[in-house]
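Coordinates in review
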Amino acid sequence: MSGFEGSYLGANDRISAQAVMECKICWTPYDPAEGDATRQIDPGTPFAALPDDWSCPGCEAPKAQFLVNHDPGSEAVQEAARVAERTAALVADFTEIWHAKMRDVPIVNKLLQVEAVGFRLHEGRPLGVLVSPWFMNLVLLAGEGEDWSGLVPGAKEVIGFASGEYEFIHNVREMVGGYKACALFSPMGEFHSQAQAVEVARAVMAALFDAANRAGTDRAADIRTTREAELAPPPDLSGMHVAPSRRAVITGGMG
Ligand code: FE
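Below, the structure is looked at part by part. (Residues numbered from 1 in each chain as written. Predicted model: local features only at pLDDT ≥ 70, side-chain atom pairs only at ≥ 80, totals over all residues. Heavy atoms only, no water.)

Thoughts on the sheet that holds strand E5 (residues 125-131)
The test is simple: Note on pairing: two strands pair once DSSP finds at least 2 bridges between them. For the purposes of this entry, the term helix denotes a DSSP run of H or I that reaches at least four residues, the term strand denotes a run of E that reaches at least two, and both are numbered from the N terminus. Fitted lines through C-alpha atoms serve as axes, helices being fitted only where they are in contact, and the angles separating the N-to-C directions of these axes extend from 0 to 180 degrees.
In space, the 6 strands of this open sheet follow the order E4-E5-E6-E9-E8-E7, with antiparallel pairing throughout. The open sheet terminates on both sides in strands that have one partner only, identified here as strand E4 (115-122) and strand E7 (156-161). Sheet twist, expressed as the mean angle between neighbouring strand axes with direction ignored, is 30 degrees. Alignment of strand E6 (residues 136-141) against strand E9 (residues 177-185), held across 6 bridges, turns out to be antiparallel. Bridge assignment links Leu138 to a residue of E9, and that residue is Cys182.

Structure below.
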């Protein structure tokens, strides 16, 4: 079972929406499936979403006195925590590069910052989009117990997803270790805000796993040419499926 079972202590991020809690003083349970009719709490309300002044229906003990009885969603919560830890290292590493080396490089877009978007486990490995002031890449990290420190920087690998096959380039950094990156956009001049870049990154993640994007196009199509041809109009999130290259398909033909 999970290491934190039984200990809640107000740590809402450590319990799932399905967690069944109980008062450690009088053992009255709180089951999100049932809610709390005595306080007009609707069925389906997660413990974490209860108002701060909610208290035990049995003894009035405050929320923080509740313990986890059982949590059917705890595996997913722990998995999310592990992915968050890995992506935090990725963000820290590239934020350091930003401050140390990239800040004064003319091509950077100072409206943007380093942010990990949409990271989730894909076949056991964290995968998501890394947004930065000078690039947006799909990034794949090593899985639990995998050692990618021996990857050869610059080596290429084609990795398949529901929408098609993509070329990733290997790299190794001290903080992150080995990782594999697929270039989506660089530079980032056409983005107007961090929120817009994040929205595009989320759209990329959705499109990546959408088999409907698996067209009969050649993955080796020259993405850069396509990108330059489309650089003129600002990114339009509604304008998907514009370009005949694989990466253009998932990037919505922008950039
Ligand atoms: Fe109680």
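Considerations on the environment of Pro126
Filter applied, for reference: Contacts are assigned to residue pairs that have any heavy atoms within 4.5 Å of one another.
Mapped onto the secondary structure, Pro126 falls in strand E5. A C-alpha to C-alpha distance of 5.9 Å links Pro126 and Leu140, two positions 14 residues apart in sequence. Contacts of Pro126, omitting those with residues within four sequence positions, involve Val83, Arg86, Phe119, Arg120, Leu121, Val139, Leu140, Leu141, Ala142 and Gly143.

Looking at the nonpolar core
The following threshold applies: What makes a nonpolar core is a set of buried Ala, Val, Leu, Ile, Met, Phe, Trp, Tyr and Cys residues whose side-chain atoms join them at distances within 4.5 Å. Per-residue accessibility, obtained with a 1.4 Å probe over protein chains only, is compared with the maximum for each type, and a residue is labelled buried under 20%, exposed over 50%, and partly exposed between these values.
With 29 residues, the main nonpolar core has Val129, Met136 and Leu138 as its most contacted residues. Elements that contribute at least two residues to this core include exactly E5, E6, E7, strand E8 (164-173), E9 and helix H2 (194-208). Take this core: its biggest share by element is 8 residues, from H2. Once you skip the residues sitting within four places of it in the chain, Val129 turns out to touch Glu115, Ala116, Val117, Phe119, Met136, Asn137, Leu138, Leu184, Ala201, Val204 and Met205. Counting 17 residues, the second-largest nonpolar core is a separate cluster that includes Phe94, Ile97, Trp98 and Ala181.

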